Amino acid sequence: MLRYIGAGVGGLSVVALYMYGTAEERKPFPLIKSTHSLVAKHVTKDKWDKLSGIKTKTSGFTLGQAIACAVEFDDQHCGIYAGDFDSYRDFASVFDPIIQEYHGIDANAKHTSDMDVGKIRGNVNPKAPVKSVRIRVGRSFNGFGLSPGITRQQRLDLEKLLSSAFSKFSGDLKGQYYPLLRMDEAVRQKLVDDHFLFMSGDRNLQVAGMERDWPEGRGIFHNKDKTFLVWVNEEDQTRIISMQKGGDVRAVFERLARGIKAVQDSVKSESGRDFMLDPKYGYIHSCPTNLGTGMRASVHIDLPGWTAEGLPALKARCEQLKLQPRGTRGESGGQTGVTYDISNKHRLGYSEVELVQCMIDGVNTLFEEDLKLQKKHHV
């Protein structure tokens, strides 16, 4: 169990930091290429001089490693990753203001988790042209580093623990774990065809240290129906995913809740380790933008009326509804046709139930408005 000095993650003094990490000679202040990033704003020379010599206890992570992407690239918005739970604590004078600014929370905020599907009101309108629903969260276990800092042995030990946990699943969660190392080509191609396989080559993940020892210690679990998946040791220790065709968001959320509990209970019973959970920042992830729920609840839906109205108008409307529109090719894949990926915008400061409800209500609103826009544009 981690112990804190002061309030929340950010309550440590510089003196107290040395009780956790090891202090080395401080490094010269780096040139931060992403000049408009949150890192450029909040990593001042004064903070750097105080923190740059510290190595975290769990994985020996440094502030220099944390901000590597903002130093290497000129296009980062946030620009920082955590190498372990200690990073949020040891480098709190950097992480705290970045997290608060990005998520729009104050210094005294508390996070509440709620996975009770019984609190969800209604569902996506069955008449809405929703092709599929996907809800994912990230979860990390105490005692292991996060992907940017995790040691090789920690990664292997965690994979072994999770593989054992998956073998105990029953009912509709029962399935098989596929390690990436020495994966059979037929299996690999099938996972690619199903759009399940995560790949190497993301420059941010590489510079942040997340692809060290690739592909060792990584893998994918999925159930027989391919409606429940877990990615192991990609950007987060685990990405837990529930999905299915059609628009039954409640069913997808219910399966996700059971799946998360199955992973948690199995690992805890075998090792005594539980999820990293902070009262202020919720579930701990390598990227501070995912703190809180770590949840992205999304649907693929056809919106021909909004397409005719124009993408800027759709983006503005989604902002009002606390939603985020994307092309169906992912975050940077662009938009083709009239099908959009619509998801919740927020992660921290809202419970899982609130975010799923927001997505359901927002998608229903967009659908009703799309019907009117189709008439307006004679679609």
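Each remark here, short or long, concerns the structure printed above.
Nothing here was measured: the structure is a model prediction, and the numbers come from that model.

A.B. asks: Describe empty space enclosed by the protein, with residues and values.
C.D. replies: The full count for this structure, using the stated rule, is one cavity of 30 Å³ or more. If you add up the space inside the largest cavity, you get close to 40 Å³. Contributing to the lining of the largest cavity are F198, M199, L205, M210, E211, W214, E234 and E235.

A.B. asks: Now, about unusual backbone geometry: what can you tell me, with residues and values included?
C.D. replies: Backbone torsion omega between W214 and P215 reads 0 degrees, so that peptide bond is classified as cis. Checked against the element boundaries, P215 lands in the loop between α10 (203–207) and β5 (219–223). If you check the backbone angles, K226 has positive phi at about 60 degrees while not being a glycine. Looking at where K226 falls in the secondary structure, it is placed in the loop between β5 and β6 (228–232). Look at K226 and you get partly exposed, because its relative accessible area is 26%. The backbone of K322 sits at a positive phi, close to 60 degrees, despite the residue not being glycine. Of note, K322 is situated in the loop between α13 (311–320) and β11 (323–327). Residue class for K322 comes out partly exposed when judged on its relative accessible area of 37%.

A.B. asks: Go over the state of the cysteines, please, and point to the residues and values.
C.D. replies: Here the structure, examined in full by the defined rule, presents zero disulfides. Cysteine C318 is unpaired, with the sulfur of C358 as its nearest cysteine sulfur at 10 Å.

A.B. asks: Account for the nonpolar core, naming residues and giving values.
C.D. replies: In terms of nonpolar packing, the biggest core is built from 54 residues, with I135, F166, V249, M295, V299, I342 and V356 touching the most fellow members. Elements with a contribution of two residues or more to this core: β3 (130–139), α8 (152–166), β6, α11 (249–271), β10 (296–302), α13, β12 (339–344) and α14 (352–376). Among the elements that make up this core, the one with the highest residue count is α14 (10 residues). If we ignore the near neighbours within four places in the chain, the residues touching V249 are N123, V124, V133, I135, V299, V356, M359 and I360. By size, the runner-up hydrophobic cluster in this structure holds 30 residues, among which are I32, C78, V94 and L291.

Thresholds, definitions, all that
Residues numbered from 1 in each chain as written. Predicted model: local features only at pLDDT ≥ 70, side-chain atom pairs only at ≥ 80, totals over all residues. Heavy atoms only, no water. 1 Å grid on protein atoms, 1.4 Å probe; cavity = no way out; pocket = protein on both sides within 12 Å on 5 of 7 lines; lining within 4 Å. Points joined across faces, edges and corners; volume = space filled by probe spheres on them. Helix = DSSP H or I, 4+ residues; strand = E, 2+ residues; numbered from the N terminus. Buried < 20%, exposed > 50% of the residue type's maximum accessible area, 1.4 Å probe, protein only. Disulfide = S-S within 2.5 Å. Core = buried A, V, L, I, M, F, W, Y, C linked by side-chain atoms within 4.5 Å. Contact = heavy atoms within 4.5 Å.

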